[in-house]
Amino acid sequence: MDLWIILLRTVLIYFLVFLALRLMGKREIGKLSVFDFVNSIMIAELAVLVIDNPDKNIWEGIVPMAALVGILLSIVTLKNESLRRKFDGPPSVIIERGEIRDEEMRKQRYTLDDLLLQLRENKVPNPADVEFAILETTGKLTVVDKESMGKERAASPKVNIRYEGLPLPLIMDGKVQDDNLQKIGQTRFWLKDQIRRRGVKDFKDVFLCTLDHKGELFIDRKDNRRSRR
């Protein structure tokens, strides 16, 4: 008899959770905000609590789920924009007018690896081509390239290196990427000479330095002091 009760509870709770998540909206799991994600976890935990404890009144799970969906979502987040922004937080500008905002990245615990990955996903693999990049509350990166803004890349002296592939990071957050230097057959001495020619004294002053297939160096200094000459 207990097995039948558990089975019926499982089926009922499944449809209730399904309904609750549909009421929350049709966004993909990867596009949920922190607020939506926490609510999803809470609803799932309440469902497990009711299924795992057949002796508990099923309403002890249904009522809190209804409260989460009805009160928090409908009243707080849908009808009150200011409260919704407090829950979700504002979008974060990661690249502004071609400058990488490293302090904002640290604040959001967003790494250069994350940035380069999401730029590739947006089909803008070269940071030098980006005018604006905004990290949305869902974790998605919205990218606006220079070409769509009617702007062109600033002219840059080229180095006598050619290779086939995506832009290669040579310095990331002040750390030289020795493996990538080896790929282009160069040394730290060569790299230091290149950044000094562009007004940067030391590796530790560079937040990001990349080399593209045309032999152009992109250098972004720390603290949003950008050098691209």
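Whatever comes next refers back to the structure up there.
Residues numbered from 1 in each chain as written. Predicted model: local features only at pLDDT ≥ 70, side-chain atom pairs only at ≥ 80, totals over all residues. Heavy atoms only, no water.

Turning our attention to helix H6 (residues 112–121). Among all positions in H6, only Leu 112, Leu 115, Leu 116, Gln 118 and Leu 119 are buried. Across the axial projection of H6, the buried residues extend over an arc of 170°, all falling on one side. Opposite its buried face, H6 presents the exposed residues Asp 113 and Glu 121, each directed more than 90 degrees away. Immediately downstream of H6, the backbone of Lys 123 shows phi near 60°, a positive value. (Buried < 20%, exposed > 50% of the residue type's maximum accessible area, 1.4 Å probe, protein only. Helix = DSSP H or I, 4+ residues; strand = E, 2+ residues; numbered from the N terminus. Arc of directions from axis to C-beta.)

Note that Glu 131 resides in strand E3 (residues 130–135). A residue is classified by how much of its surface remains accessible, and Glu 131, at 2% relative accessible area, is buried. Among the polar contacts listed, one links the side chain of Glu 131 to the side chain of Lys 146, at a separation of 2.9 Å. Filtering out sequence-adjacent residues up to four positions away, Glu 131 remains in contact with Ile 95, Glu 96, Arg 97, Gly 98, Val 144, Asp 145, Lys 146, Met 149 and Lys 151. (Polar contact = N/O pair within 3.5 Å; in protein donor to acceptor, adjacent residues only side chain to side chain. Contact = heavy atoms within 4.5 Å.)

Moving on to the sheet that holds strand E4 (residues 141–145). With antiparallel pairing, four strands are arranged side by side in an open sheet as E2-E1-E3-E4. Edge positions in the sheet fall to strand E2 (99–100) and E4, since each of these pairs with one other strand and no more. Bridging between strand E1 (residues 92–96) and E3 involves four bridges; their strand directions are antiparallel. Counterpart to Ser 92 in the pairing with E3 is Leu 135. Packing of H6 onto the sheet brings it into contact with E1, E2, E3 and E4, and relative to E4 it is tilted by some 65°. (Pairing = 2+ DSSP bridges. Axes fitted to C-alpha atoms, helices over the stretch in contact; angles between N-to-C directions.)

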